Amino acid sequence: MQLLKPAAPGAAIRGTPYAVGGSLRYRISNASLSALHAAGLLAVGDNAFAATFDVALAATNAAPAQQNVRVQTSEAVTIRVGAGGDPITVIGPRGTTADVTGTVALTATTWTPRAAGHLSIGAGDAGSLPILGIEGTSDSAAPYGSVYARVRLTAAGGAARYLSADCVGGRTGVGNPTIAYSERDNQPGGDQGCFTILAYLADPFVTVPATEPVAPPPPPPSPPPPGGQPPSAGPPAAARQQPVPVAPAATPKGPRTTIRSTRMALRRGRSA
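Residues numbered from 1 in each chain as written. Predicted model: local features only at pLDDT ≥ 70, side-chain atom pairs only at ≥ 80, totals over all residues. Heavy atoms only, no water.

### Considering a nonpolar patch on the surface
Here's step 1: Taken together, the side chains of V174, Y181, F195 and I197 make up a nonpolar region of the molecular surface, amounting to roughly 380 Å² of accessible area.
Here's step 2: Following the sequence through the fold, I197 ends up in strand β19 (residues 195-199).
Here's step 3: Judged by relative accessible area, which is 34%, I197 ranks as partly exposed. (Patch = residues over 30% accessible without salt bridge, like charges linked within 9 Å, V, L, I, M, F, W, Y side chains within 5 Å. Areas by Shrake-Rupley, 256 points an atom, 1.4 Å probe, with all protein chains shown as cover. Salt bridge = Lys/Arg side-chain N within 4 Å of Asp/Glu carboxyl O. Helix = DSSP H or I, 4+ residues; strand = E, 2+ residues; numbered from the N terminus. Buried < 20%, exposed > 50% of the residue type's maximum accessible area, 1.4 Å probe, protein only.)

As structure tokens, this is what we get:
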């Protein structure tokens with residue numbers, strides 16, 4: 001199985017929720033289908049295929065750090081088994097093929113970057129899925145991995161048959177062959193202790209830059225009140241001082257003075 005990134009993941013902003021989708025690609029090889037027929041899970045004739053996937057997603061530099069999603073197949077797929085188990089062909093939206101292949105869209109999840117830098121999202125760590133109900137039973141499973149598939153195969157006119165696929169990123173082996181396989185998986189009463197797992201962290205399927213938020217622009221100036229003057233850019237200029245008219249001062253008047261002169265008259269031969 002493979003997680004695929006969305007077509008245009010875009011960019012994220014610190015402190016702002018970021019929504020991302022993506023998809024899950026799955027494949028069951030023709031050799032695996034032959035093994036399922038040998039195990040009695042595929043009947044001769046037509047078998048309808050359907051699957052449910054539980055996926056644990058983990059993020060770096062984001063809150064929350066992990067989310068789980070559940071998705072189901074929606075395409076009509078038929079696995080046709082020939083007499084004696086050969087040939088096995090798959091009839092689906094892409095025509096007739098040898099393998100079961102398909103892609104399901106992941107439910108969108110929302111992550112909030114905690115800091116500027118990068119936001120990365122990928123499959124969670126091994127064992128990060130919660131305990132899940134097992135479809136077709138009243139029991140539950142504790143998956144070893146981060147992707148758990150429950151496959152339903154329904155023969156024409158027959159009952160549904162189920163199988164589980166517990167997907168771990170890493171290397172697995174049988175550590176204690178005395179412990180029998182159980183669909184309950186990694187829990188008491190299951191096959192806990194049967195397998196050895198050397199898990200590794202898968203590469204993220206989405207990595208986007210996380211930037212700082214842009215400061216909002218300053219608000220525009222307030223409009224002037226109705227009928228008033230718009231606010232000026234600075235203090236008003238001082239009013240020009242008009243000269244004050246001054247009345248002319250009155251000429252002071254002193255005491256009246258009479259000047260008399262003595263007239264001298266000249267008379268011929270004598271003076272008077």
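### Observations concerning the sheet that holds strand β12 (residues 109-113)
Here's step 1: With antiparallel pairing, three strands are arranged side by side in an open sheet as β3-β12-β6. Single-partner strands in this sheet number two, and they are β3 (18-20) and β6 (62-63). (Pairing = 2+ DSSP bridges.)

### Some words on the pattern of salt bridges
Here's step 1: Taken as a whole and judged by the stated rule, the model has eight salt bridges.
Here's step 2: Where D99 meets R27, a salt bridge forms, and the shortest distance between an N and an O atom there is 3.0 Å. Remark: R27 occurs in strand β4 (residues 23-28) and D99 occurs in the loop between β10 (95-97) and β11 (100-105); sequence separation between them is 72 residues.
Here's step 3: On the basis of relative accessibility, which here comes to 56%, the residue R27 falls in the exposed class.
Here's step 4: E135 is the salt-bridge partner of R152, the closest N and O atoms lying 2.7 Å from each other. A residue pair is termed long-range when its members are at least 10 positions apart, and R152 in strand β16 (residues 147-155) and E135 in the loop between β14 (132-133) and β15 (140-141) qualify at 17 residues.
Here's step 5: Taking relative accessible area as the criterion, R152 reaches 28% and is therefore assigned partly exposed.
Here's step 6: Here E135 falls in the partly exposed class, since its relative accessible area comes to 29%.

### Concerning the nonpolar core
Side chains of nonpolar character tend, in soluble globular proteins, to be buried together.
Here's step 1: Within the largest apolar cluster, 40 residues are counted, with the highest numbers of intra-cluster contacts made by L33, F49, F53, V55 and I79.
Here's step 2: For this core, the element with the most residues is strand β5 (residues 45-60), which contributes six residues.
Here's step 3: Within the second largest apolar cluster, six residues are counted, among which are A56, L129, A141 and Y148. (Core = buried A, V, L, I, M, F, W, Y, C linked by side-chain atoms within 4.5 Å.)

### What to know about the sheet that holds β4
Here's step 1: Taken in spatial order, the three strands of this open sheet run β1-β4-β11, and their pairing is antiparallel. Each end of this open sheet is capped by a strand with a single partner; those strands are β1 (2-4) and β11. Shown here is a sheet whose adjacent strand axes are inclined to one another by a mean of 20 degrees, direction ignored. (Axes fitted to C-alpha atoms, helices over the stretch in contact; angles between N-to-C directions.)

### Remarks on the pairing of strand β18 (residues 170-174)
Here's step 1: Counting buried residues in β18 gives zero out of five residues, a small share hidden from the surface.
Here's step 2: Pairing between β18 and β19: five bridges, direction antiparallel. Note that in β19 the partner of G173 across the bridge is T196.

### A few points about the pairing of β12
One face of the sheet, then the other: side chains in a regular strand alternate in exactly this way.
Here's step 1: A one-sided burial pattern is seen for β12, the buried positions being T109, W111 and P113 and the unburied ones T110 and T112.
Here's step 2: One ladder, built from three bridges, connects β3 with β12; its direction is antiparallel. When the bridges of β12 are listed, A19 appears paired with T110.
Here's step 3: Here β6 runs beside β12; their pairing, made up of two bridges, is antiparallel. The partner of A62 across the bridge, within β12, is P113.

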